[in-house]
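Residue-level structure breakdown
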Amino acid sequence: EVGTGQPDSCWIQHNPRNSCVYTTNNNGGDSISSFNLDGAALELVKSEAATLNTPLDMDIHPDNRFLYALSTGHNDGTGQPRIYVYEMGCDCALREVQAIAHGLETEEMRIENDGVLFGVVGLGLR
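One structure accompanies this document, and this report is about it. Note on numbering: residues in each chain are counted from 1, in written sequence order. Since the coordinates come from a predicted model, pLDDT governs what is reported: local features require at least 70, and pairs of side-chain atoms require 80 or more to be given and counted, while whole-chain, interface and lining totals use all residues. As a rule here, side-chain values come from all non-hydrogen atoms in the structure, and water together with hydrogens is ignored.

1. Some remarks on the overall build of the chain
Threshold: A run of DSSP states H or I qualifies as a helix once it reaches four residues; a run of E qualifies as a strand once it reaches two. Both are numbered from the N-terminal end. We call two residues in contact whenever any of their non-hydrogen atoms come within 4.5 Å of each other. Surface accessibility follows the Shrake-Rupley procedure with a 1.4 Å probe radius. Residue values consider only the protein chains on display as shielding.
The secondary structure content of the chain amounts to one helix and eight strands. Overall, the chain shows an N-to-C arrangement of helices and strands of β-β-β-β-β-β-β-β-α. Long-range pairs, those at least 24 residues apart, make up 37% of the contacts in the chain with a sequence separation of at least 6. Taken as a whole, the chain presents about 6,800 Å² of accessible surface, with 48% of it coming from carbon and sulfur.

2. As for the nonpolar core
Our working definition: Side-chain atoms within 4.5 Å link the members of a nonpolar core, which is a set of buried Ala, Val, Leu, Ile, Met, Phe, Trp, Tyr and Cys residues. Per-residue accessibility, obtained with a 1.4 Å probe over protein chains only, is compared with the maximum for each type, and a residue is labelled buried under 20%, exposed over 50%, and partly exposed between these values.
Among the nonpolar cores identified, the biggest contains 15 residues, and Tyr 22, Ile 32, Leu 67, Tyr 86 and Leu 94 are the most heavily contacted of them. Secondary-structure elements contributing two or more residues to this core are β2 (20–26), β4 (41–51), β5 (55–60), β6 (66–71) and β7 (82–88). Ranked by residue count, the leading element in this core is β7, at three residues. In this structure, Phe 66, Tyr 68, Ile 83 and Leu 123 belong to the second largest nonpolar core, which totals seven residues.

As structure tokens, this is what we get:
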């Protein structure tokens, strides 16, 4: 058993290209943790490989070079969801290359339009 040191780990993604595993940490964690996978051994590399507001979901691009993470923006006062794009290093490090907010409705807009608090709740890549 390997802990992240974060309150709640949720989504897990494995990248076979760099033998790294990534978890989203929400409910106060507001981060992504990175692990090195060596056979059956899992080692925490960085408890906070990236910080982002209330990460809900993530996916790895089919070329295994980029990790996409969905942030709700719920805890930062803006309510603006974002999709963060990270380049994954061979050492399991994450380097932010883009944050996309354009086209994603804020929580305020969702409440006004549909009466729904959370607007964006899932992420999938092809």
